[in-house]
Amino acid sequence: MKVLIIEDETTASENLVEMLKEIDPTIEVLHVLESVQQTVRWLNTNPAPDLIFMDIHLSDGSAFTLFSQIDVQTPIVFTTAYDQYALDAFAVNSIDYLLKPIKTVELTRALEKFKKWSNNDVIAYLEHMMKLHPEGQKQTAYKQALLIPNKDKLLPIKTEDIACIYSTDRKTQVYLKNKKVLDYNRSLDSIIGSLDPTLFFRANKQYIVARESITEIIIWFDSRLLLRLPIELPEPLFISKNRAAEFKNWMTRAQNINS
C-alpha cells in the first residue's frame, strides 16, 4: 500500500510514519507534505497513492479546499486535534477520521476498513467528499472588505489596508498598514478562503500576510524565511523550510499577475 501524508506538524507526521511501519512494514510512505498547495502540485505531477492521511487544519487553510482545486482520486483519512471537526459526515461513506494524538488501535481500524473497500466503495466515497463541505465549492469572487465588530459598530476594513492577520488559540487580530490592530472573531481557516490568493498568503498557523506589506525576506539559519513588515508584530513571521519554495513562487507569480 502506498500512502501520502499531509501534515504540517513535524512531530505528528513522524509519529504517524512510525506507527504505519509498526502496523504494516509493507506500507510505503511516498511523501510528507505540509499544505494544500503542496498537495495540489504533488498530486498533479505524481501517480495517485492508494490512501491519503490528511490533517484538517493545514498551514495554508482547511483541507477541504483541496476539493475546489483538484479532482481527488484517492480516499482520505482525516486527522484532527479538534473534536468539533469529528463530524458525523466523516462516518458516512468515508473511511475514517482520527483524533490526535492518534492511537495505534484506531489507525489499525482505519487501515483494515480501507482494505475491505471495493472499487464501488471508493467511487461513492469520492463523490461524497466533493460535496461534503461548502469550502469544497469554487469561489468566483473574493472579498474587498471585512466587516469587523468594534464595540456597538461594524467597521468596514478594506482588504487593501490589511498588512497581516494574526491568530492564536485565544483570539484573532487584524493588523492594518496604519499600525492599528483590531480584534476579529474568526479563524484564519475561515478568513483565507475569502481573500484573493494572489494578494494574501497563509504563511503558517499564526499568520496570513499581504504581499504588498512584505518589505524584506531574510534567509534564516535553518533555511526558513523571515518576513519583515513595516509594522510591529506580536511574534516573528516565519515561512518554514518546506514551504519556502511555494512562498517564493507565490511572490513571483503574484507580481507578474499584478504588473
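Residues numbered from 1 in each chain as written. Predicted model: local features only at pLDDT ≥ 70, side-chain atom pairs only at ≥ 80, totals over all residues. Heavy atoms only, no water.

Asks: Mind laying out the side chain of Glu 246, listing which residues take part and the relevant values?
Replies: Within the secondary structure layout, Glu 246 lies in helix α6 (residues 244–257). Looking at Glu 246, its side chain comes within polar contact range of the side chain of Ser 35, at 3.0 Å. Every residue in contact with Glu 246, bar those within four places of it in the chain, is listed here: Ser 35, Gln 37, Gln 38, Arg 41, Asp 60 and Phe 201. (Helix = DSSP H or I, 4+ residues; strand = E, 2+ residues; numbered from the N terminus. Polar contact = N/O pair within 3.5 Å; in protein donor to acceptor, adjacent residues only side chain to side chain. Contact = heavy atoms within 4.5 Å.)

Asks: I'd like a rundown of the sheet that holds strand β11 (residues 172–176), residues and numbers included.
Replies: Strand order across the open sheet formed by five strands is β12-β11-β10-β14-β13, with antiparallel pairing between neighbours. Strand pairing shows two members of the sheet lacking a second neighbour, β12 (181–183) and β13 (200–202), which therefore form its edges. For this sheet the average axis-to-axis angle between neighbouring strands, irrespective of direction, equals 20°. As paired strands, strand β10 (residues 162–167) and strand β14 (residues 207–210) are joined by three bridges and run antiparallel to one another. Across the sheet, Ile 165 pairs through a bridge with Ile 208, a residue of β14. (Pairing = 2+ DSSP bridges. Axes fitted to C-alpha atoms, helices over the stretch in contact; angles between N-to-C directions.)

Asks: Outline the nonpolar core, supporting the account with residue identities and numerical values.
Replies: Membership of the largest hydrophobic core comes to 23 residues, with the highest contact counts inside it found for Met 54, Leu 66, Ile 76 and Phe 78. Those elements that provide at least two residues to this core are β1 (2–6), α2 (36–45), β3 (51–55), β6 (76–80) and α4 (119–130). (Core = buried A, V, L, I, M, F, W, Y, C linked by side-chain atoms within 4.5 Å. Buried < 20%, exposed > 50% of the residue type's maximum accessible area, 1.4 Å probe, protein only.)

Asks: Pulling in residues and values, what's your account of the side chain of Ser 13?
Replies: As for its placement among the helices and strands, Ser 13 is situated in helix α1 (residues 10–23). There is a polar contact of 2.9 Å between the side chain of Ser 13 and the backbone oxygen of Thr 10. Ignoring sequence-local partners within four residues, the contact set of Ser 13 consists of Ile 5, Glu 7 and Val 32.

Asks: Can you break down the packing of aromatic side chains residue by residue, with the values?
Replies: Enumeration according to the criterion identifies six aromatic pairs in this entry. A ring pair is formed by Phe 201 and Trp 250, whose centres lie 5.0 Å apart and whose planes are at 40°; its orientation type is tilted. You can see Phe 201 sitting in strand β13 and its partner Trp 250 sitting in helix α6, a full 49 residues away along the chain. Given a relative accessible area of 3%, Trp 250 falls into the buried group. Relative to Phe 238, the ring of Trp 220 lies with its centre 5.3 Å away and its plane at 65°, an arrangement referred to as edge-to-face. (Phe/Tyr/Trp six-rings, centres within 6.5 Å; stacked < 30°, edge-to-face > 60°.)

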